[in-house]
Amino acid sequence: MVHLCGIDHFLEPPAFQAFKSFEMKKLILSSALLFSTLLIYGQFSSQLPGASQRVKGIGKITGTVFDNEGGSGVEFATISLFREGELIDGTITDDRGKFALNELIDGNYTLEVSYLGYDKIVLKDIVIEKERTVSLDDIYLSASATVLDEVTVTGQRAFIEEKVDRMVYNAEKDNLAKGGDAADVLRKVPLLSVDLEGNVSLRGNSNVQVLINNKPSTIVAANISDALKMLPADMIKTVEVITSPSAKYDAEGSGGIINIITKKNNLEGYYLNVNTGIGLRGSNLGLNGSMRSGKFGMTLGGFGRAFYNKAELDMEQRTRSEGASHLTRQFSDASDNGLFGRYNLGFDYDIDKTQFLSGGIRYGIRNFRRDEQQTTELYADDQFLNSSLRDINSKRFSGTADVNLDYLKNFSPGHEFSISTLYSRTDENSNFVSDNLDTNQSFISSIKNLDDNLNQELTFQSDYIRPIGGNQIVEVGGKGIFRKVNSDYSYEFATSEGVFTPDLTRPAGALDYDQNVTAAYTTYTYQTASKYTFKAGVRWEKTSIDAIQDGEAIDIPDYSNIVPSLNLSKNFKNFTTIKLGYNRRIQRPWLRQLNPNVNVQNSQDIQVGNPNLRPELADNIELGISKPIRNVYLNVSVFGRITDNAINQVRYPIDSIPGAILTTFENIGKEKSLGTNIFANITISDKWTLNGGFDLRYAQLEGQVTGIDGATQTATNSGWNYGGRMMSQYKLNGGWTVQAFGFMHGRRVELQGNRGGFGIYSIGLNKDLKNGLGSIGLGAENFLNRGWKVTSELISPAFSQSSNMLLINRNVKVNFNYRFGKLDAQSSRKKTRSVRNDDLMEGGDSTGGMQQGGGAPQGNTGRRGRPQTNRKASSKKSKKGKKEGQS
């Protein structure tokens with residue numbers, strides 16, 4: 001009954017093949033109709049009295065807005081221009097913080113810069129003469145604590161912010177995640193779900209690409225859950241969820257892209273940060289430093305985390321054939337412990353005022369162990385046959401090294417050229433030893449599985465960006481990715497403890513898998529005077545694969561894909577934003593899905609990869625509206641996805657092993673999803689904030705499975721998937737903060753059944769030290785019960801399986817953080833661009849659009865931490881003005 005899918009046909013689709021399908025036509029037409037309706041609503045609701053048509057000239061005002069805290073450009077800050085007290089024009093900053101106001105006549109102007117959670121800055125007496133261009137000095141925004149008439153801005157960034165093609169979670173404000181890893185942070189991000197094993201899905205799709213600081217890594221390509229364990233929560237600044245990637249991004253990742261941004265220093269000076277924590281289920285220690293002097297900057301850091309958990313599992317599995325029915329019952333007690341570490345050394349150098357160089361070396365280690373005692377009972381036609389007792393010790397060790405070097409050339413504001421390179425390598429050993437014991441737990445025999453893997457990746461990338469006027473941007477680029485995957489596996493057998501010899505009765509072999517991807521793209525962005533933003537792009541990718549398994553070549557043809565993308569948005573003066581996006585994505589299989597090692601760690605649930613997997617192709621469309629309503633910021637989005645050649649786990653009974661099933665990966669056929677995401681930020685007072693959301697998705701799957709007679713037959717499954725999260729923060733006097741969090745992961749529909757859901761909760765108390773350089777915190781997780789319980793059910797014509805897992809994860813932890821050093825916010829630098837590979841299966845850039853967060857419809861901003869209000873600018877004096885009171 002067991003078989004692996006062969007190459008019966010391959011992908012060579014036209015650029016818009018999905019538009020020909022009836023389902024996608026309906027989805028796009030209905031979304032376009034709804035988009036038009038919302039536009040009409042937003043247009044009527046945004047009319048401001050007193051607005052009048054203005055006379056147009058050729059004058060221009062340009063500038064750049066920076067974040068005073070980190071020195072980076074602030075995207076989507078609101079720019080408002082006044083003349084004689086009347087609002088005459090406005091715009092928003094691009095992804096580098098730059099803005100331009102065009103078609104201005106001579107006169108005296110006032111400019112306001114606002115961004116949620118920051119003090120508003122007012123620049124007065126900006127004089128245009130002879131319709132020249134006025135270039136303003138850099139503007140720096142500082143966090144505020146200003147109470148508005150109806151809304152309170154709490155003096156910090158909101159936990160959740162929205163941009164035209166992505167959502168941003170500001171993790172640095174999350175005290176509850178301290179001492180944890182990246183998976184703990186991602187569970188709190190809207191649109192994302194993370195299961196107990198650390199596997200991530202976006203809107204129910206686990207085929208996502210995870211980047212770290214816009215860069216890929218071979219450890220992410222090999223195993224996303226392990227990669228998240230290597231990354232400490234304390235070092236994460238923001239998490240960007242890119243639901244509608246433009247053509248600039250790699251076409252891979254049918255569900256979207258998750259970009260994790262770590263904390264870094266772009267300011268003059270130095271600092272050294274120490275953070276540590278200890279708890280019932282884990283402990284951590286981290287040390288990170290940064291130094292910048294003049295043109296040179298350097299970072300150095302290290303982090304280690306140890307964890308220890310226990311788990312209880314019970315499983316009942318029934319297989320059916322024309323001859324007999326077998327029932328398997330299993331009971332397991334497991335103890336997990338692991339050590340994860342990540343170390344980095346980086347530098348950046350300003351060659352001159354227009355050229356920048358940066359590079360870095362990062363190394364990560366993973367050491368995971370599980371000790372499990374497993375009891376198995378086997379029945380035939382409900383009659384007891386036998387039982388077995390096994391003591392299983394599994395180990396997974398790996399080391400990952402990433403090296404990058406990047407160059408950036410700025411010709412003029414927004415006009416730049418970059419070259420990026422990256423080499424990444426992961427060595428992994430995934431082994432286990434299984435001892436068979438008698439009823440007295442005495443040794444009988446043992447088997448050992450050796451599975452050695454090597455994953456290497458070399459990337460070259462070049463990008464060119466050219467603004468046209470003040471409202472258009474053209475981007476072009478090219479990329480080459482060269483991958484090599486090697487897997488060697490074998491079994492050994494022992495009849496005496498510790499004395500192993502090769503086991504020739506079990507599978508052994510090797511896989512050499514080379515994959516080369518060549519890509520080119522272009523995107524065009526246009527923003528109208530009425531605040532419509534259009535961003536369209538197309539990307540071409542060619543994939544070449546050479547695969548050899550056990551000395552025999554696997555016939556996988558080369559293939560090319562043309563991948564379009566389109567993002568539309570409209571911003572209204574009442575801070576309502578409507579956006580519509582469409583993109584096509586490719587999903588290539590990743591290492592775990594390809595690995596042909598036959599894993600018999602569980603003798604009744606054997607697992608193996610499939611080197612013959614073909615990539616899947618997905619068409620995605622989404623429509624969203626965001627709107628502030630007094631002290632509530634609300635976002636509602638609907639989305640649809642149609643996936644061909646969907647890669648899913650499938651299971652078959654094994655005739656040669658009574659009661660056992662084989663779990664592998666196959667291209668099952670078609671998967672359709674339609675869903676909605678709703679979330680809100682609520683500012684209850686200047687001390688109390690609340691945010692939360694709910695995800696609902698209907699999935700329909702269709703594929704081929706094996707029936708009782710061994711013949712292949714079509715199977716379908718459908719159902720609702722759901723999840724949600726809620727987080728609250730209350731600021732007490734004296735630097736104390738209380739946070740609470742709850743998360744629910746509902747069941748997930750699969751082709752052969754469903755995976756069970758679970759829920760977690762936590763509460764924490766944090767105290768900032770008086771000098772502002774450190775904090776101490778106390779947290780508790782799942783303290784009202786023993787841990788998380790997950791129930792799953794799988795069913796097909798030939799087998800059924802029900803399982804219960806209890807992960808004992810009740811936890812109490814104490815965290816401490818302290819920072820040494822001195823930073824100067826007066827000096828910041830332009831960051832170089834870097835490689836980002838988003839083209840492997842895991843399981844925005846844009847201008848225009850309005851960024852919102854924190855529940856506030858508007859915010860006030862300040863510059864360089866000083867409460868300034870006036871600033872003069874004149875085109876006669878180097879086209880720059882000097883701010884009053886500036887030293």
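Residues numbered from 1 in each chain as written. Predicted model: local features only at pLDDT ≥ 70, side-chain atom pairs only at ≥ 80, totals over all residues. Heavy atoms only, no water.

**Q** I'd like a rundown of the pattern of salt bridges, residues and numbers included.
**A** Where side chains of opposite charge bring their charged atoms close, a pairing between them can arise. If you walk through the whole model with that rule in mind, you get 20 salt bridges. Arg366 is paired through a salt bridge with Glu428; the nearest N and O atoms lie 2.2 Å apart. Of this pair, Arg366 sits in strand β20 (residues 355–380) while Glu428 sits in strand β22 (residues 415–437), placing them 62 residues apart in sequence. Neither residue differs from the other here; Arg366 and Glu428 are each classed as buried. A salt bridge links Glu781 to Lys813, with the nearest nitrogen and oxygen atoms 3.2 Å apart. (Salt bridge = Lys/Arg side-chain N within 4 Å of Asp/Glu carboxyl O. Helix = DSSP H or I, 4+ residues; strand = E, 2+ residues; numbered from the N terminus. Buried < 20%, exposed > 50% of the residue type's maximum accessible area, 1.4 Å probe, protein only.)

**Q** So what's going on with the pairing of β20? Residues and values would help.
**A** Of the strand pairs in this sheet, strand β19 (residues 325–350) and β20 are connected by 25 bridges, and their pairing is antiparallel. For Asn344, the partnering residue across the bridge sits in β20 and is Arg362. Here β19 folds back onto β20 in antiparallel fashion, the turn holding four residues. Following β20, the chain reverses through two residues before pairing antiparallel with strand β21 (residues 383–412); Asp381 in that reversal takes a positive phi of roughly 50 degrees. (Pairing = 2+ DSSP bridges.)

**Q** Go over the environment of Phe482 with me, naming the residues and quoting the values.
**A** Inspection of the secondary structure puts Phe482 in strand β24 (residues 472–496). Among the residues examined, Phe482 registers a relative accessible area of 38% and is labelled partly exposed. The contacts of Phe482, once residues within four sequence positions are left out, are Gln456, Glu457, Leu458, Phe460, Gln515 and Asn516. (Contact = heavy atoms within 4.5 Å.)

**Q** I'd like a rundown of the environment of Thr93, residues and numbers included.
**A** Among the secondary structure elements, Thr93 is positioned in the loop between β3 (86–92) and β4 (98–104). Its relative accessible area of 0% is what places Thr93 among the buried residues. Distance from Thr93 to Val113, taken between C-alpha atoms, is 9.8 Å for residues 20 residues apart in sequence. Setting aside anything within four residues of it in sequence, one finds Thr93 in contact with Val65, Val74, Glu75, Phe76, Ala77, Ile79, Lys98 and Phe99. Only 2.6 Å separates the side chain of Thr93 from the backbone oxygen of Val74, close enough to count as a polar contact. (Polar contact = N/O pair within 3.5 Å; in protein donor to acceptor, adjacent residues only side chain to side chain.)

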